[in-house]
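Here is what each chain is made of, one letter per residue.
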Protein chains: 4
Amino acid sequence: MTVRAGILGATGAVGQRLIQLLDPHPDFEIAALTASGDSAGKQYRDAAKWRINMQIPDDVAEMTVGETSPDAVPDDLDIIFSSLPSSVGAAVEPEFCEEGYVVSSNSSNARTDPDVPLTVPEVNADHIDLIEVQRDERGWDGALVKNPNCSTITMVPPLAALDEAFGLERVTVSTLQAVSGAGYSGVTSMEIIDNAIPHIGGEEEKMETESRKLLGTFDGAEVSWHDARVDASCNRIPTLDGHLENVWTDLAESATAAEAEAAMEEYPSLDLPSSPDQLIHVFDDPSRPQPRLDRDRENGMAIATGGLQETEGGLQFNCLAHNTMRGAAGASILNGELLLENGYL
Amino acid sequence: MTVRAGILGATGAVGQRLIQLLDPHPDFEIAALTASGDSAGKQYRDAAKWRINMQIPDDVAEMTVGETSPDAVPDDLDIIFSSLPSSVGAAVEPEFCEEGYVVSSNSSNARTDPDVPLTVPEVNADHIDLIEVQRDERGWDGALVKNPNCSTITMVPPLAALDEAFGLERVTVSTLQAVSGAGYSGVTSMEIIDNAIPHIGGEEEKMETESRKLLGTFDGAEVSWHDARVDASCNRIPTLDGHLENVWTDLAESATAAEAEAAMEEYPSLDLPSSPDQLIHVFDDPSRPQPRLDRDRENGMAIATGGLQETEGGLQFNCLAHNTMRGAAGASILNGELLLENGYL
Amino acid sequence: MTVRAGILGATGAVGQRLIQLLDPHPDFEIAALTASGDSAGKQYRDAAKWRINMQIPDDVAEMTVGETSPDAVPDDLDIIFSSLPSSVGAAVEPEFCEEGYVVSSNSSNARTDPDVPLTVPEVNADHIDLIEVQRDERGWDGALVKNPNCSTITMVPPLAALDEAFGLERVTVSTLQAVSGAGYSGVTSMEIIDNAIPHIGGEEEKMETESRKLLGTFDGAEVSWHDARVDASCNRIPTLDGHLENVWTDLAESATAAEAEAAMEEYPSLDLPSSPDQLIHVFDDPSRPQPRLDRDRENGMAIATGGLQETEGGLQFNCLAHNTMRGAAGASILNGELLLENGYL
Amino acid sequence: MTVRAGILGATGAVGQRLIQLLDPHPDFEIAALTASGDSAGKQYRDAAKWRINMQIPDDVAEMTVGETSPDAVPDDLDIIFSSLPSSVGAAVEPEFCEEGYVVSSNSSNARTDPDVPLTVPEVNADHIDLIEVQRDERGWDGALVKNPNCSTITMVPPLAALDEAFGLERVTVSTLQAVSGAGYSGVTSMEIIDNAIPHIGGEEEKMETESRKLLGTFDGAEVSWHDARVDASCNRIPTLDGHLENVWTDLAESATAAEAEAAMEEYPSLDLPSSPDQLIHVFDDPSRPQPRLDRDRENGMAIATGGLQETEGGLQFNCLAHNTMRGAAGASILNGELLLENGYL
């Protein structure tokens, strides 16, 4: 049985990655594409400024882009992947859910709403059942599920591994983020060549809140956020893809670097089609992971860590993930696979 | 009275900056240049691969480069600026000091030796008199003075301002460092284009030790290091000049962002020729400072900070300095000016 | 006598360079700034996203930005520098000229109009008197003078030197252009990092036509374009400032590389305030000129050439100029200085 | 039957690409790796600074690197791929050939020797039989076959297509070359960030001579070089992989852009395992091909062209190829496949 999928915001940087990942997907089939007003009505080939170093799949290239509205997509879509600007997402996603569509969204709106599951399947798959609460409260036939921000996803799996093994008390994180995280026109070349920008609007707060919700516990009724303190500082650097992060943790129990490495490497992945074989790859070489060399591991879906060092009361490490694959398009698709496995599609 | 200056390691990236800054200097005059064996005997124009976007000063271009040995430089040099690889510096600098030369060195060897002054004049000028202890112990007529690592200099002035006003207890710092910090051939283009490297050998330790020595107190006999805990993580990014750093501090007394800003802006500069008018420039715009836009402030000798935010028990901020100006060549020259003012030349 | 100057399009990349060059100018004084609707009414500090690594001059920062209309600027402006998008320039510049303003424009509209002087003062200062023809034909009290495209300016002085000495018959040119030539948001970072773009809309045609008009002769009534064949290919590369060009020429008379070098080095500059001391700097080192190292020569107003080689029937060379200084803002100001010297202000 | 292959210079940038391409190869098997003295004796994993964004194949990682000498490799190698610095290649390759090894070399030595086949299989496969002449003259049991320089390979297929259809008389070419073409440490980051270098030592001459040999005719005894005039200018830009070139041609017969496009698209590929399905991909979009977007077409083995325009007496176009795949490692492997098909292995 093939799951028919629509993509909202299909022409953007994440939309293009959704197409790249869904085109060869074993279970999902691209059945509808939408974009903003200017693009609607055009063939995808003409509507999108395609920036990925593969060619647009032929059948997708010839699809007609529709408007981003429940009326403009086929009724028989089984799932909708949304990668809209957050203001648009906030306005439009609930309309789709009301009409009965199940939406797996990468947009940043509603991520911390109490009745919206925010999931990274390998970390908190059980939160998906928050959908029952959501449907009760909102009266929807559809559902809205979110994946977190790309910079949050990068650090959460290794933090989850440490939390489970040693108890997480405090996190301080500095990010070196790629330009693709801001979308196709988000960072101009004059801003970033021979430069770095020590601020990404709203990003620090996202890391501080979303990580605590993801690491929280769901009791069937609500998610209790993790009470670790999280301080983040977010930087943009002249790199195309791949967010690199320096992380310091204070831990409840002492951990050697070797114990931490074991906890990370043994942290389980899932059997979902897009899950990596090994979720967290740990490097012994302290100069790794590096964005250009390591972002594409396991089709861009692995997390890589390195530089593990014991500190007073905790542990320091670096981590990396492909921000538009693991951190965005792949994250939404993984959530879609989780929804399918749990009978929500 | 003009002070006659020699430059050890004059062809390197920092050596070139020493020439750029000394050529128009009011008190110092370039009187000798040395480099490694291959370059010795050549005119500077031919020996150096000049990489600065101004032309080599004519008189310097025509100077003959000598070997890096006390025998090969004029006897009447009043000061020697050293920018040698640390292994060479460790071997050669003491030879110069024994021969009576006063050496202001940017090389990383000996920085944490108990009897070697490590100074940033605006922060700990009084440490310079450790020279007396050094001369007693080593029997030198000359003297060896060090400036810290470029990444350390960048954060120490704002940390000193906070320490004086609120008491510094803990520092966590993540750096985004420019390629020029590794010297002319230190980072290949294939390593760094579309990439970042989360490790710089030895750099974390330098930041953790040198900062505590700089912020320490000198009682006339020895320097007691500051007891703040310092954790550093150092990254190389595709930027030419200017180190940007994210800093988190735990403070003994609570400080608002406004109080911290005042403490930084009012932290005094000196009247030395190369001191900036204002030592620390504080930005309200959280997206500043940025390397390309802000590294050249006050001839590359100012420190810029921004993004000041209160945290639980402390304060978070970003800081920036030009790594080969304020962080290396300018730092050595400032130390030379301090030596001159204090009668050591 | 200070000349009161207005700047149309003052917030853009070239507008910022106009401010940088006019602020310390001996003859011109910034008396008015305009920008598009969104910026009008704001202080310049708030209206402009300043990208130059110096601070906005204090007095300019506090000026109020006006609308780009003859009604919205002071009556007593002596000259107007225009750096508008060409479609806006085409609509608005004639309105200013009709109202009696003398406009020195960098916008690409009208450059090849028969009655519009297109000048690079060191090359074809005599074309400025085409203003008389223009005033006759258009009935203007004001006047419209243009400088050419940045990529054209870069090659025209060395071509003029060769033409004068050896007779120019054919030009083939390939450009490597910096991102600032496209304006602040013209090239996104995702387009250009680890990439190059072999096409710049309209640029090839500008080089092919404007160069022939500049090298043409003015007989007091009209400009006869030079009849050399010019073929251009224009590329964008990941460089901030400075256009580098490979040029092949077929010449009427044979020229050795040494003779060509002499012709270039001896090609006269002018005594205008912004003219470089030497117009064309010739490098013997074939790896120069390079954008980062050589774009700032003589305050960004010199042309640098190198790699001169004899070919069958001609000569090959490379040339470089700072595209927003010599190639845009500085070019407009030089034209303003020429207008002043010739009594048009 | 598996062909046992050795790789000379296996740790370099091209050596790594050889491993990437040979590891999954249907006919060849990596049986020996050599490198310079420092690396000999180490496991490949430790000897190479691996820079490709895939992991080293496990079996290769564990191979021991040998010295680059006929004595140090197994006797039963069927083919040797050489990617040595040219001075080393000139000394060592003949030693292997004398010992009976067949060497497919990417090194630049000996490429224009009259009895050395220089081949791009899709263009001049018949030249391979120059081996017979070589064996006669040199008394070798082995053989030495060369592929051309990366910048030459990029333009030769489209030039061959035009030559066959319309007769090639003159070529002018300007290159924008990626840093990987200079090897792992060939271009430092300080040289190339925010910069371009208008000179690559020896490269212009290689393009001018090798292209004429490749397009020449082999009569069974000697290769008569094509008599087209070729002028080249070579530039290095801040791009990782992929050489982009602007080409102007004078043609014997007039050609429309459409006819030229047809000639290129219909130019035949071969059935060798590494040949692309279509050799030359022609873009209608004048802003393509671009290095980052188009270098990986057909596993990096296709040539992409675009911007076809008629000129007076000829045609202008742009072309692109992956310099370390199609332009180096892939080129040597294709030659190896040609040798196999022609019974030389």
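So, here's what we can say about the structure. The model shown is predicted, which means the values in this text are computed figures rather than measured ones. (Residues numbered from 1 in each chain as written. Chains lettered and ligands numbered in written order. Predicted model: local features only at pLDDT ≥ 70, side-chain atom pairs only at ≥ 80, totals over all residues.)

### Observations regarding the packing of helix H1 (residues 13-22) of chain C against helix H13 (residues 325-341) of chain C
Residue and element names in this part refer to chain C.
Now for step 1: For the pair H1 and H13, the least separation of the axes is 9 Å and the interaxial angle reads 55°. Between H1 and H13, the angle is such that the two are oblique. Note that H1 runs across H13; the crossing there is right-handed. Side by side, H1 and H13 meet where Val 14, Arg 17, Leu 18, Leu 21 and Leu 22 of the first sit next to Met 325, Ala 328, Ala 329, Gly 330, Ser 332 and Ile 333 of the second.
Now for step 2: Grouping the amino acids of the contact of H1 with H13 by side-chain chemistry returns eight nonpolar, two polar and one charged. (Axes fitted to C-alpha atoms, helices over the stretch in contact; angles between N-to-C directions. Helix = DSSP H or I, 4+ residues; strand = E, 2+ residues; numbered from the N terminus. Parallel < 35°, antiparallel > 145°, perpendicular 65-115°, else oblique. Left-handed = near helix turned anticlockwise from the far one by under 90°. Contact = placed C-beta atoms within 7 Å. Nonpolar A, V, L, I, M, F, W, Y, C, P; charged D, E, K, R; others polar.)

### Some words on the sheet that holds strand S13 (residues 303-311) of chain C
Residues and elements named next belong to chain C.
Now for step 1: Read across the open sheet, the six strands follow the order S10-S7-S11-S14-S13-S12; overall the sheet is mixed. Across the chains shown, the open sheet's two edge strands, defined by having one partner strand only, are strand S10 (229-236) and strand S12 (280-282). When strand polarity is set aside, the average angle formed by the axes of neighbouring strands in this sheet is 25°.
Now for step 2: Examined bridge by bridge, strand S11 (residues 243-251) and strand S14 (residues 314-321) share eight bridges and lie antiparallel to one another. In the sheet register, Asn 246 faces S14, and the bridge partner there is Asn 318.
Now for step 3: Against the sheet, helix H7 (residues 150-166) makes contact with strand S7 (168-177), S10, S11, S12, S13 and S14, and its axis sits at roughly 30° relative to S11, the strand it touches most. (Pairing = 2+ DSSP bridges.)

### Observations regarding helix H4 (residues 86-98) of chain A
All names here are of chain A.
Now for step 1: Relative to the 18 Å expected for 13 residues at 1.5 Å per residue, H4 spans 18 Å between its end C-alpha atoms, a close match to the ideal helical length.
Now for step 2: Here H4 has its buried residues at Gly 89, Val 92, Glu 93, Phe 96 and Cys 97.
Now for step 3: Buried residues along H4 sit in contact with strand S3 (79-82), strand S4 (102-105) and strand S5 (143-146).
Now for step 4: The positive-phi residue at the C-terminal boundary of H4 is Gly 100, with phi of around 100°. (Expected span 1.5 Å × (residues − 1). Buried ≥ 20, exposed ≤ 12 C-beta atoms within 10 Å, placed from the backbone.)

### As for the interface of chain A and chain B
Now for step 1: At the interface, 31 residues of chain A touch 31 residues of chain B.
Now for step 2: Every element with two or more residues in the side of chain A that touches chain B is listed here: strand S6 (168-177), strand S9 (229-236), strand S10 (243-251), helix H11 (291-294), strand S12 (303-311) and strand S13 (314-321) of chain A.
Now for step 3: Of the residues in the side of chain A that touches chain B, the class split is eleven nonpolar, 15 polar and five charged.

### Concerning the relation of the copies chain A and chain C
Now for step 1: Mapping chain A onto chain C is achieved by rotating through 180° and translating by 0.0 Å along the same axis, at an RMSD of 0.0 Å. The two molecules are tied by a two-fold rotation axis, judged by turn and shift.
Now for step 2: A share of 100% of the interface residues of chain A reappears at the interface of chain C, consistent with the copies meeting face to face through the same patch. (Least-squares fit on C-alpha atoms with pLDDT ≥ 70 in both.)

### Re the sheet that holds strand S10 (residues 229-236) of chain D
All names here are of chain D.
Now for step 1: Pairing is mixed across the open sheet formed by six strands, whose spatial order is S10-S7-S11-S14-S13-S12. Because the sheet does not close on itself, it has two edges, and the strands there are S10 and strand S12 (280-282). Strand-to-strand twist of the sheet, defined as the mean angle between neighbouring strand axes without regard to direction, takes the value 25°.

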